[in-house]
Amino acid sequence: MSKLAVIIPAAGSGSRMGARVPKPFLKLRGVSILEHTIRAFARVDEVDQIIVSTSSEWIIEVKTILENFKGEVKSLDVVVGGKERQDSIYNAFSKISVEIDLIAVHDAVRPFICKELIKECCETASAVGGAIVAVPAKDTIKKVNIDLVINSTPDRSDLWQAQTPQIFQKNLLIEAYDSAIQEKFMGTDDASLVERIGGVVKIIEGDRRNLKITYPIDLKVAELILDERGEE
Ligand code: CTP
Ligand code: MG
C-alpha cells in the first residue's frame, strides 16, 4: 500500500464568498468546512500525513482542528500559505516525510470527496504518474479575444472540469513545482505543472457533489448534500 501525504491549501481570502471569515472556517451544520474535508481523508488507510497551509492568523485555529485527528493520522502539520494557491502548496513541501510515496493536493473547500475516488486516484497515480478527479464539461466553453468576441468553440466532448484531489508520485510533483518556480510559471491547478514537464496525468471521472464551495449559493447546496448524507 502506498503512503499518501495530503496537502490542503486553506490560505485563500474567499473574496467571491464575501464572508467575514475565509471559507475553510465557515461552518456547515456546526462543523468547519476544513474539518469536514480533513475527515474525508483521515478515513482513508493510505493517508499517513496531512499538511494544511493557511494564513498566519489562522494557524492556531487549524492546530485546534488537527487535534481532533491525533491517533487517526500519523503526522499532522500546518504551514503558512502564500500569495497564490500554488505558493501555499509549495510551502507545504518542506514538511513531507521521507517515507511518503504519493502526494495529494485537495482544496480545503471541497468537503464532499469520497473515499473510493481518493483510492482510485492513488492507484492510477502509482501506475502512471498522476491522476486527478474531473467531471465532463456541462456548459459549452468559448474561447474569446480581449473584446469578448468569440474566437472558437472547442468540442465539448473533449473538455473536462478539473477538480481535486490531484494525486502524483512524490518526486514528479516536487520536480514540477521546482521547475514552475524557477521559470515563474503560474498554473491554475497542480496537474498543469506536471503536464508542462511531460508527466502523464490521467482523469478519474468524479461526481458533481465534490463541489468547490466558492459563492454563497454553494453553501446552501453544501448543506443539502450534507443532510442527504445524514452526517454531522
Ligand atoms: N488558497 C490558498 N492560498 C491562496 C489562495 C487560495 O491556500 N493564496 C486555497 C483556498 O483557501 C481554497 C483553495 O485554495 O481552499 C481553492 O481556492 P479558491 O476556491 O479560489 O479560494 P479563495 O482563493 O479563498 O477564494 P476567492 O478566489 O474567491 O478569493
Ligand atoms: Mg482563489
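Because the structure is predicted, anything quoted here is derived from the model rather than measured. (Residues numbered from 1 in each chain as written. Chains lettered and ligands numbered in written order. Predicted model: local features only at pLDDT ≥ 70, side-chain atom pairs only at ≥ 80, totals over all residues. Heavy atoms only, no water.)

*Asks:* Describe the sheet that holds strand S5 (residues 75-80), naming the residues involved and giving the relevant values.
*Replies:* Read across the sheet, seven strands follow the order S5-S4-S1-S6-S10-S7-S11 without closing on themselves; strand pairing throughout is mixed. Of all the strands in the sheet, just S5 and strand S11 (201-205) have a single pairing partner and so form its edges. Averaged over all pairs of adjacent strands, the angle between their axes in this sheet comes to 25°, without regard to strand direction. Judged from the five bridges that link them, strand S7 (residues 130-136) and S11 form a sheet pairing that is parallel. For alanine 131, the partnering residue across the bridge sits in S11 and is lysine 202. Against the sheet, helix H1 (residues 33-42) touches strand S1 (4-10), strand S4 (47-54) and strand S10 (160-169), its axis set at about 160° to S4. (Pairing = 2+ DSSP bridges. Helix = DSSP H or I, 4+ residues; strand = E, 2+ residues; numbered from the N terminus. Axes fitted to C-alpha atoms, helices over the stretch in contact; angles between N-to-C directions. Contact = heavy atoms within 4.5 Å.)

*Asks:* How would you sum up the packing of aromatic side chains? Please name residues and give values.
*Replies:* Evaluation of the coordinates by the stated rule reveals four aromatic pairs. Between tyrosine 90 and phenylalanine 93, the ring centres sit 5.8 Å apart and the planes meet at 65°, which makes this aromatic pair edge-to-face. A relative accessible area of 29% means that tyrosine 90 is categorised as partly exposed. Summarising the aromatic geometry, the rings of tyrosine 90 and tyrosine 177 are spaced 6.4 Å apart at their centres and angled 15° between planes, so their arrangement reads as stacked. Of the two residues, tyrosine 90 sits in helix H3 (residues 85-92) while tyrosine 177 sits in helix H5 (residues 170-182), which places them 87 residues apart along the sequence. Through a chain of ring-to-ring contacts, the aromatic side chains of Tyr90, Phe93 and Tyr177 assemble into a single cluster. (Phe/Tyr/Trp six-rings, centres within 6.5 Å; stacked < 30°, edge-to-face > 60°. Buried < 20%, exposed > 50% of the residue type's maximum accessible area, 1.4 Å probe, protein only.)

*Asks:* Tell me what's going on with the site of ligand 1, and back it up with residues and numbers.
*Replies:* Taken together, 18 residues are adjacent to ligand 1, and Pro9, Ser15, Lys23, Lys83 and Ser88 come closest. In this structure, a nitrogen atom belonging to ligand 1 sits 2.9 Å away from a main-chain N or O atom of glycine 82. Serine 88 places a polar side-chain atom, nitrogen or oxygen, 2.7 Å from a nitrogen atom of ligand 1. For ligand 1, whose accessible area on its own is 560 Å², the fraction buried by protein is 88%. Taken together, the elements giving at least two residues each to the shell around ligand 1 come down to S1 and H3. Its residues assigned to classes, the shell around ligand 1 comprises five nonpolar, six polar and seven charged. (Near = heavy atom within 4 Å. Polar contact = N/O pair within 3.5 Å; in protein donor to acceptor, adjacent residues only side chain to side chain. Areas by Shrake-Rupley, 256 points an atom, 1.4 Å probe, with all protein chains shown as cover. Nonpolar A, V, L, I, M, F, W, Y, C, P; charged D, E, K, R; others polar.)

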